[in-house]
Amino acid sequence: MKDMVRKRIRRAALGLATFALLAGCGSSGGTDNNGQISAGREIFMAETFGNEKFFGDTLGLHTVLNNVAPKDAVALGVQVDISKVPAEVAAVMTGSDLAAKDAALADPAITRKLIKAGAVIGVKGFYGSAAATDDTMTNAGITCGLCHVTVKPTTFRLTAGDTALPIGEPQLNGVPNARMDAGKVLSFTPFAQQNGLSATLAGWGPGRFDIRALNELDDGVDNPTAFPPLWNFPELQAHGYALGWDGMFKGENALASIAEAVYDLIMHGNGSFATASGAINPPALAFAPRQAVLDRLQDNPAGVITRDRLLQLQAFLQSITSPAPSGFDAAKAAQGAALFGGKAGCSSCHPQATAFTSAGRHADITAVPPTGDLAGGIKVPGLKGVGLTAPYFHDNSAATLPDVVNRFDVRGNLGLSAAEKDALVEYLKSL
Ligand code: HEC
Ligand code: HEC
C-alpha cells in the first residue's frame, strides 16, 4: 500500500507545478528588519509554493473543502480570520436571526465563500478562471498557518446558546493549533479513500501530523508527532538546540532549511532540497539519518522556493518570542524552582542557563518509546512558554503539566509529594 502511495506521489511530483502569486494577508504590526519579518509572516500565512499540485491534484483536498459545512470544518480545527470574513457573512453571524446563523453554519456554500475570501487560516483555494461565478474550488493548497497559528475565539449567540467559535484575530505568537485534525481532514479525500489510508490518517488525532507519511521520507511506521511551538529560536539555537522532535537540523539558516524541507518534501511544493540546486545550503545535521533521507532527489531544479523568501520566513520565525507568563502562584513557583534544580533533577536535561535545552536525545520519556526514524530518541525541548502549549511530549501523550510531572516522578522514582508536584507545575507555568 505504501509503495503505491509513493509511486503515485512521485508521479505527481514530476508534473510541473503551477505557481500562483498569492494575495496578501492582513497588514503587519511593524516593518522591522527592512520589512523582512512582515514579508516572512505573509509567506507563512499565505504561500503554498505550488503544493496545491499535491493536496489538490493528487489528494483531492478541494473536493472535501467544497462540500464541508462551517460547523463541521471548525470541529476539525479549522479557524477563521475574522478580519477577512465577507461582509454579508459577518452580517448574518452578528445579527439577531438565530435560525439564519444556524443555517449559515450548516451551509458548505459559506465555507466556500470564506475560503475564497482568504478567511480560512492555512487554506488557499484555486479557481478555474477569474470569470467563474461560483466559489467552487478547482484546487486547494495549504500554508504553514494551518498548524502553527491560533485565533482568539469569538462567542456567538446561536439557538443552542452562546457558543465560542474559532473565528477571530490570528495570533501569530508561536502557539500551535492543537485542535487542527489535519489527518482527519485528509482522511476524507478521494485519494485516501481510494487507497485505504483513511483509517490511518483519521487515527492521528488533533494537533499531530506524521511528517514521514505520504512522501518519500516514509519510514514505514505510523508516527504522528505534535505541532511544536515556534518561538525563542535565536536564544535556543545559541545553546545548540536542533530542530524537529528528532533534533536533526542545526546550524546557520537551519530554520530556512527546515522550512525548505517542509515545503519541498512534506508539502510537495515546487522546489528541491538538500541538493546543489536547493535554495538554501543543506543544514548541519546533529546525526546522520537513513541513507534514503540523505539521498532525497531533486524534483525540480527550477523551483519557485527561493532563497530570499526562505530567509524572509526565517526572519519572521526568529522574531517570535514566547508570551510573558501569567496566571501562576509566585510563591509556589519559587518552591518549584528549587525542586526543578534539586530533588526533581529536571535541570540535568533542562538547565536554565541554556534556555532549558541541552544536547542529546532520549527515547525513554514517553510511555510508548518512539519508533521508526524517531527511535534514536527525542531532543530536549526548551520550556519557556510551556504553560500555553498543552498537550505535551512529541506524541501529545501528556494532556496537562501535572501529567508531565507525574510522568517524570514515576520514571525517575523521584518520590515527589502532591505539594511538590504542584509547586513544579506552578514553576513551569512561570517560564
Ligand atoms: C500539517 C501541519 C503542519 C504544517 C502545515 C506545518 N507544520 Fe511545522 N511542524 C508540524 C509538525 C508535526 C512538526 C514536528 C515534526 C517532527 O519533528 O516530528 C513541525 C515542526 C516544525 C518546526 C520545528 C520546531 C522545533 O522547535 O523543532 C518548524 C521550525 C516548523 N515546523 C515550521 C514550519 C513551517 C515554516 C511551515 C510552513 C512551511 C510548517 N511548519 C508547516 C506540523 C506542521
Ligand atoms: C533525561 C533528561 C530529562 C530530564 C531529567 C527531564 N526532562 Fe523534560 N524532557 C526531556 C525530553 C527528551 C523531552 C521530550 C520527550 C518527548 O517528547 O518524548 C522532555 C519534555 C518535557 C516537557 C514537555 C515539553 C513539550 O513541549 O511537550 C516538559 C514540560 C518537561 N520535559 C519538564 C520536565 C520536568 C518538570 C522535569 C523534572 C521533573 C524534566 N522535564 C526532566 C528530557 C528530560
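Residues numbered from 1 in each chain as written. Chains lettered and ligands numbered in written order. Predicted model: local features only at pLDDT ≥ 70, side-chain atom pairs only at ≥ 80, totals over all residues. Heavy atoms only, no water.

1. Quick notes on the site of ligand 1
Now for step 1: Residues in contact with ligand 1 amount to 25 residues; listed here are only the nearest, Cys 144, Cys 147, His 148, Thr 225 and Tyr 241.
Now for step 2: One nitrogen or oxygen atom from the side chain of His 148 is found 2.9 Å from a nitrogen atom belonging to ligand 1.
Now for step 3: Interatomic distance of 2.7 Å between a backbone N/O atom of Gly 244 and an oxygen atom of ligand 1.
Now for step 4: When residues in the shell around ligand 1 are grouped by element, the largest group, 5 residues, is from helix 14 (residues 254-266).
Now for step 5: Classifying every residue of the shell around ligand 1 by side-chain character gives 19 nonpolar, 4 polar and 2 charged. (Near = heavy atom within 4 Å. Polar contact = N/O pair within 3.5 Å; in protein donor to acceptor, adjacent residues only side chain to side chain. Helix = DSSP H or I, 4+ residues; strand = E, 2+ residues; numbered from the N terminus. Nonpolar A, V, L, I, M, F, W, Y, C, P; charged D, E, K, R; others polar.)

2. A few points about the coordination of the iron atom of ligand 2
Now for step 1: Coordination of the iron atom of ligand 2 by the protein comes from a single atom, His 350 (NE2), at 2.1 Å.
Now for step 2: Among the structural elements, His 350 can be located in the loop between helix 17 (330-341) and strand 13 (361-362). (Donors = N, O, S within 2.8 Å, 3.2 Å for Na, K, Ca; no water.)

3. Let's talk about the coordination of the iron atom of ligand 1
Working reference: metal with six octahedral donors, ideal angles 90 or 180 degrees; metal with four tetrahedral donors, ideal angle 109.5 degrees.
Now for step 1: In this structure the iron atom of ligand 1 is ligated by exactly one protein donor, His 148 (NE2), at 2.1 Å.
Now for step 2: Inspection of the secondary structure assignment puts His 148 in helix 9 (residues 145-148).

4. Considerations on the site of ligand 2
Now for step 1: Residues in close proximity to ligand 2 total 23 residues, the closest being Cys 346, Cys 349, His 350, His 394 and Phe 408.
Now for step 2: Phe 393 has a polar backbone atom sitting 2.8 Å from an oxygen atom of ligand 2.
Now for step 3: Here an oxygen atom of ligand 2 sits 2.7 Å away from a polar atom, N or O, in the main chain of His 394.
Now for step 4: Counting only elements with at least two residues in the shell around ligand 2, the list comes to strand 14 (378-379) and helix 18 (401-412).
Now for step 5: No other element matches the 3 residues that helix 18 contributes to the shell around ligand 2.
Now for step 6: Classifying every residue of the shell around ligand 2 by side-chain character gives 15 nonpolar, 6 polar and 2 charged.

5. Some thoughts on the packing of helix 2 (residues 36-46) against helix 16 (residues 307-319)
Now for step 1: At a minimum axis separation of 7 Å, helix 2 and helix 16 run at an interaxial angle of 100°. Put simply, helix 2 runs roughly perpendicular to helix 16. On helix 16, the residues touching Gln 36, Ile 37, Ala 39, Gly 40, Arg 41, Ile 43 and Phe 44 of helix 2 are Arg 309, Gln 312, Leu 313, Ala 315, Phe 316, Leu 317 and Ser 319.
Now for step 2: Residues that form the contact of helix 2 with helix 16 fall into these classes: 8 nonpolar, 4 polar and 2 charged. (Axes fitted to C-alpha atoms, helices over the stretch in contact; angles between N-to-C directions. Parallel < 35°, antiparallel > 145°, perpendicular 65-115°, else oblique. Contact = heavy atoms within 4.5 Å.)

6. Points about the pairing of strand 6 (residues 161-165)
Now for step 1: Note that strand 5 (residues 154-158) and strand 6 share 5 bridges and pair antiparallel. Residue Arg 157 lies in a different strand from strand 6, and its bridge partner there is Asp 162.
Now for step 2: Linkage of strand 5 to strand 6, two consecutive antiparallel strands, is achieved through a turn of 2 residues. (Pairing = 2+ DSSP bridges.)

7. Points about unusual backbone geometry
Generally, phi is negative for residues other than glycine and the peptide bonds are trans, each holding for most cases.
Now for step 1: Cis peptide bonds are those with omega within 30 degrees of zero, and the linkage from Ala 390 to Pro 391 qualifies with -5°.
Now for step 2: Positionally, Pro 391 belongs in the loop between strand 14 and helix 18.
Now for step 3: Here the phi dihedral of Phe 49 falls at roughly 45°; this positive angle occurs in a residue that is not glycine.
Now for step 4: Looking at where Phe 49 falls in the secondary structure, it is placed in the loop between helix 2 and helix 3 (52-58).
Now for step 5: The buried category is assigned to Phe 49, whose relative accessible area is 0%.
Now for step 6: The backbone phi angle of Phe 393 is positive, close to 75°, even though this residue is not glycine.
Now for step 7: Here Phe 393 shows up in the loop between strand 14 and helix 18.
Now for step 8: On the basis of relative accessibility, which here comes to 16%, the residue Phe 393 falls in the buried class. (Buried < 20%, exposed > 50% of the residue type's maximum accessible area, 1.4 Å probe, protein only.)

8. A word on the packing of aromatic side chains
Now for step 1: What the rule picks out here adds up to 7 aromatic pairs.
Now for step 2: Look at Phe 54 and Phe 55: their rings are 5.1 Å apart centre to centre, the planes differ by 80°, and that puts the pair in the edge-to-face class.
Now for step 3: Residue classification places Phe 54 among the buried positions, given a relative accessible area of 2%.
Now for step 4: Ring geometry for Phe 393 against Phe 408: centres 6.0 Å apart, planes inclined by 65°, an arrangement best described as edge-to-face. A residue pair is termed long-range when its members are at least 10 positions apart, and Phe 393 in the loop between strand 14 and helix 18 and Phe 408 in helix 18 qualify at 15 residues.
Now for step 5: Since its relative accessible area comes to 24%, Phe 408 is described here as partly exposed.
Now for step 6: Every member of this aromatic cluster is reached through a ring pair, and the members are Phe 340, Phe 356 and Tyr 427.
Now for step 7: The positively charged end of Lys 116 is found above the aromatic ring belonging to Tyr 127, 4.8 Å away from the centroid.
Now for step 8: Over the face of the ring belonging to Phe 287 we find Arg 361, whose NZ or CZ atom lies 3.6 Å from the ring centre. (Phe/Tyr/Trp six-rings, centres within 6.5 Å; stacked < 30°, edge-to-face > 60°. Lys NZ or Arg CZ within 6 Å of the ring centre and 35° of its normal.)

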